[in-house]
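# Residue-level structure breakdown
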Amino acid sequence: MASVPSLLMALLLSSYGPGGALGCDLPQNHVLVSRQNFVLLGQLRRISPFFCLEDRKDFRFPQEMMDGSQLQKAQAISVLHEMLQQIFDLIHAERSSAACDTTLLDKLRNGLHQQLEDLDTCLVQVMGEQDSAQGRAGPTLVLKSYFQGIHLYLKEKKYTDCAWEIVRLEIMRSFSSLTNLQERLRTNDGDLGSH
């Protein structure tokens, strides 16, 4: 099981190139912040997932949408932003600190906030090129629904350590899809239909 985080880290690291990996101007430290966020997410583990097998749940991650062939560049960047925002909101929840090391959690919150600020700038640049808010709404609504399911799961499970561990693993999975989408954006210069 130790190889899964290594694989996810490799995906994360390969998805960012220097400078404008998404076709917009991201700060040079964006790569470093993203790497740090992924490592911090891995370090938030407090309990072995093997103790939580009965708490597993299929959150129905919208993988087909994240595969991205039907997403335009502005939609994809909007999806990236929405995912980071939802992850930030989830770990910013009042009860998240009870299940995690608060120092690591604060570092992750700060790193995600910095990534969101970077993508805000990126989103504004792309919006100038492709102003179609309606086209971006569909994919972001799908993500909001997915994360709402995660919030409801935590509430139903009364925010137990196992529930948070299952959610942490799910967030790591979503990070993996997020980085794959970024890679397609970077290598296809925004044309996600040609893999």
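Every chain is numbered independently, its residues counted from 1 as its sequence is written. Note on the predicted model: pLDDT of at least 70 is required for a residue's local features to be given, and 80 or more for side-chain atom pairs to be given and counted; whole-chain, interface and lining totals, by contrast, use all residues. Remark: hydrogens and water are excluded; side-chain values derive from all non-hydrogen atoms of the structure.

By the naming in an unreviewed UniProt entry, the protein is Interferon omega-1-like, taken from Camelus bactrianus.

### Some details on the nonpolar core
Side-chain atoms within 4.5 Å link the members of a nonpolar core, which is a set of buried Ala, Val, Leu, Ile, Met, Phe, Trp, Tyr and Cys residues. Relative accessibility thresholds used throughout: buried, under 20% of the residue-type maximum; exposed, over 50%; partly exposed, between the two (1.4 Å probe, protein chains only). The biggest cluster of nonpolar side chains holds 46 residues, and the ones touching the most others in it are L112, V167, I171 and F175. For this core, the leading source of residues is helix α4 (residues 73-91), giving eleven residues. Whether two residues touch is decided by their heavy atoms; if any such pair falls within 4.5 Å, the residues are in contact. The residues touching I171, leaving out its near neighbours within four places in the chain, are L41, I87, L90 and I91. Each helix is a run of H or I in the DSSP string that is no shorter than four residues. Each strand is a run of E no shorter than two, and both are numbered from the N terminus.

### Some points on the side chain of S174
Mapped onto the elements of the fold, S174 is located in helix α7 (residues 161-187). A 3.5 Å cut-off defines polar contacts: any pair of N or O atoms within that distance qualifies, except that in protein one atom must be a possible hydrogen donor and the other a possible acceptor, and neighbouring residues in sequence count only when both atoms are side-chain atoms. Reaching out from S174, the side chain makes a polar contact with the backbone oxygen of I171 at a distance of 2.8 Å. In contact with S174, not counting residues within four places along its chain, are F61, M83, I87 and Y146.

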